[in-house]
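Below, each chain spelled out in residue letters.
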Amino acid sequence: MAESPTAELPRESPVEPQLREVGRSLAAAFPSPARHPIKALDARAMERSTQDAELRAALFRLVDVTPATRSLDDLARHLSAYLEDVEERPQPLRAAMRIAGTAAGRRALGAAAAASVRHMAHRFIVAESPRTARKLLAELWDGGVAASLDLLGEATVTEAEADRYAERCADALRELAAAAAGWPERPALERDSVGPIPRANLSVKVSALTPLLRPDAPELGREDAARRLRPLLAEARDLGAHVHIDMEALDALETTFELIFELLEQEGLRDGPSVGLVLQAYLRDSPAHLDRILRFAAGTRRTPPLVIRLVKGAYWDHEVVEARQRGWRPPVFERKADCDRNFEELTRRLVDARPLVRVAIGSHNLRSVAHAIAYNRAVGGDDQDLELQVLRGLGDDLQHALASSGLRVRAYCPVGELVAGMAYLVRRLLENTSNESFLHEQARGVSVDELLAPPP
């Protein structure tokens, strides 16, 4: 794969002064940790795990195994086994190991471990169903924050599972539309210079719509997913809702592109509903992917235009491990700075492409967000034409700062049971505990000026 041309970009761009001004303003609007003491404790615990790879591995193993354990005693035995590999245990873990020697101690330890995993899950997974999420979604809207609901569940293995996922998506669209009808007006969240923006917004995974998604037979998976996605898009059109198609691992990317482009050209779907795609900046070929998206958008001139959500990407570890196992060059940037530079170049290209597409920037990196806002303003764009997106549980402080600044912000809100959410939860924990992540740097107390510096 070709290297991104962003490697030749200058380190200092004309928008840097305004970028720093925007970034400092947002940082000043972050809520104080004193307002959220539980989140502050969570942050310290996460920070501790970033400093100890063995502890982090034990944490992930515990999260992964919790739904499969048969009892509190069983969960405690698993935890004790995982902690055996941690050489330097903090005092609370040493105490946990001591009480694990008795049945009563194991039950207490198992109960504490189960409660901790549930607490972590609830930080990222907002509710068990769209109906039970209605209260939170209304609260977000009242606070100036829109939402995209994601039904947890990936990689179905049977037709029945795929059918159930499609049914859940249809139910969610109806639930969202009904709930949103009672929300108060929020002009900043409901309109841009192109026109109205749907209140109801659902994110959908192609891998959950078919068990036949295989790189060696892409047409089978595409056709099978299409027969479930087509009625969902028609339902969204009739309800005035938005459907966003998530991008997953690289082996599903080509099928996803072809599926969406094919469906959106069909009679009855060409002029609605509002639909979005995801562009993953950690892929070396992402500039070419954007070329392809823009060619399609120019050729169809849909009303409303495609919404492109730009993200760094959540499957970095998967892509690197799989590529190395096969002796391939990883398809993702292996240096964070390269990915960050590519993200900024893609941001500029997306902003410049409007009104052919709508732009949504999904990042918790203060510089990436400030760059998008500053560049949009530098080229004469209105703030209302730029959407900033965050993940529930990871970008809450940034969400608050953006909303309080009058900017359009949307929280990505997963719903589902703990078992279905394990893959999602582990990816979020990986992101939150990465030594190179913005959230880690922020937790370490790195200065705002350093956080806003250009990628090295």
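First, a word on scope: everything that follows refers to the structure included in this document.

The rules we used
Residues numbered from 1 in each chain as written. Predicted model: local features only at pLDDT ≥ 70, side-chain atom pairs only at ≥ 80, totals over all residues. Heavy atoms only, no water. Helix = DSSP H or I, 4+ residues; strand = E, 2+ residues; numbered from the N terminus. Buried < 20%, exposed > 50% of the residue type's maximum accessible area, 1.4 Å probe, protein only. Contact = heavy atoms within 4.5 Å. Areas by Shrake-Rupley, 256 points an atom, 1.4 Å probe, with all protein chains shown as cover. Salt bridge = Lys/Arg side-chain N within 4 Å of Asp/Glu carboxyl O. 1 Å grid on protein atoms, 1.4 Å probe; cavity = no way out; pocket = protein on both sides within 12 Å on 5 of 7 lines; lining within 4 Å. Points joined across faces, edges and corners; volume = space filled by probe spheres on them. Nonpolar A, V, L, I, M, F, W, Y, C, P; charged D, E, K, R; others polar. Pairing = 2+ DSSP bridges. Axes fitted to C-alpha atoms, helices over the stretch in contact; angles between N-to-C directions. Polar contact = N/O pair within 3.5 Å; in protein donor to acceptor, adjacent residues only side chain to side chain. Phe/Tyr/Trp six-rings, centres within 6.5 Å; stacked < 30°, edge-to-face > 60°. Lys NZ or Arg CZ within 6 Å of the ring centre and 35° of its normal.

### Observations concerning the overall build of the chain
What the chain contains, in helices and strands, is 19 helices and 8 strands. Scored against the burial criterion, the 456 residues of the chain give a buried share of 56%. Nonlocal contacts in the chain, meaning residues at least 24 apart in sequence, comprise 78% of its contacts between residues at least 6 apart. Of the roughly 19,800 Å² of accessible surface on the chain, a fraction of 53% belongs to carbon and sulfur atoms.

### Details of the pattern of salt bridges
Across all of its chains, the model carries 37 salt bridges by this definition. A salt bridge links Arg349 to Asp291; the shortest N-O distance between them is 2.4 Å. Here Arg349 is found in helix H14 (residues 336-353), whereas its partner Asp291 is found in helix H12 (residues 286-300), with 58 residues between them in sequence. Its relative accessible area of 23% is what places Arg349 among the partly exposed residues. Under the relative-accessibility criterion, Asp291 is labelled partly exposed at 32%.

### Structural notes on empty space enclosed by the protein
Considering all chains together, one arrives at 2 cavities of 30 Å³ or more under this definition. Counted as a void, the largest cavity has a volume near 140 Å³. For the lining of the largest cavity, the secondary structure elements donating two or more residues are strand S3 (242-246), strand S5 (306-311), strand S6 (357-362), strand S7 (386-391) and strand S8 (408-415). The element best represented in the lining of the largest cavity is S7, accounting for 3 residues. Of the residues assigned to the lining of the largest cavity, the class counts are 5 nonpolar, 6 polar and 7 charged.

### Quick look at the environment of Glu417
By secondary structure assignment, the location of Glu417 is in the loop between S8 and helix H17 (422-433). Relative accessible area serves as the criterion here: at 53%, Glu417 is assigned to the exposed category. For Glu417 and Glu128, which are 289 residues apart along the polypeptide, the C-alpha to C-alpha distance reads 5.3 Å.

### Section: helix H16 (residues 396-404)
Buried within H16 we find Asp396, Leu398, Gln399, Ala401 and Leu402. Downstream of H16 by a residue or two, Gly406 has a phi angle that is positive, lying close to 80 degrees.

### Examining the sheet that holds S7
A barrel is described by the order of its strands in space; here 8 strands give the closed sequence S1-S2-S3-S4-S5-S6-S7-S8, paired in parallel fashion. Neighbour to neighbour, the strand axes of the sheet diverge by 30 degrees on average, direction disregarded. Set on the sheet, helix H7 (residues 130-142) makes contact with strand S1 (145-151) and S8; between it and S1 the angle comes to about 160 degrees.

### Focus on unusual backbone geometry
Between Gly272 and Pro273 the backbone carries a cis peptide bond, its omega angle lying at 10 degrees. Position of Pro273 relative to the elements: it lies in the loop between helix H11 (253-264) and strand S4 (274-280). Residue Thr303 is joined to Pro304 through a cis peptide bond whose omega torsion reads 5 degrees. Topologically, Pro304 is positioned in the loop between H12 and S5.

### Here we look at the side chain of Arg367
Tracing the backbone shows Arg367 in helix H15 (residues 366-378). Accessibility expressed as a relative area gives 3% for Arg367, which makes it buried. There is a polar contact of 2.6 Å between the side chain of Arg367 and the side chain of Glu344.

### Comments concerning the environment of Ala403
Structurally, Ala403 is set in helix H16. Sequence separation of Ala403 and Gly144 is 259 residues, and the distance between their C-alpha atoms is 5.6 Å. In contact with Ala403, not counting residues within four places along its chain, are Gly143, Gly144, Val145 and Val409.

### A look at the side chain of His244
Mapped onto the elements, His244 comes out in strand S3. Residue His244 is classed as buried on the basis of its relative accessible area, which comes to 1%. Within the structure, the side chain of His244 is placed 3.0 Å from the side chain of His242, a separation counted as a polar contact. Looking at His244, its side chain comes within polar contact range of the main-chain oxygen of Leu277, at 3.0 Å.

### Quick look at the packing of aromatic side chains
Counting across every chain of the model gives 3 aromatic pairs. Look at Phe257 and Phe261: their rings are 5.7 Å apart centre to centre, the planes differ by 15 degrees, and that puts the pair in the stacked class. With Phe257 and Phe261 both in helix H11, this residue pair falls 4 residues apart, about one helical turn. The exposure classification of Phe257 matches that of Phe261, with both residues buried. Judged by centre distance (4.2 Å) and plane angle (20 degrees), the ring pair of Phe261 and Phe296 falls under stacked. Here Phe261, found in helix H11, pairs with Phe296, found in helix H12; they are 35 residues apart in sequence, far enough to count as distant. Each member of the pair, Phe261 together with Phe296, is buried. One aromatic cluster is present, built from ring pairs that chain together Phe257, Phe261 and Phe296. The ring of Phe343 carries the charged tip of Lys312 above its face, separated from the ring centre by 4.9 Å.

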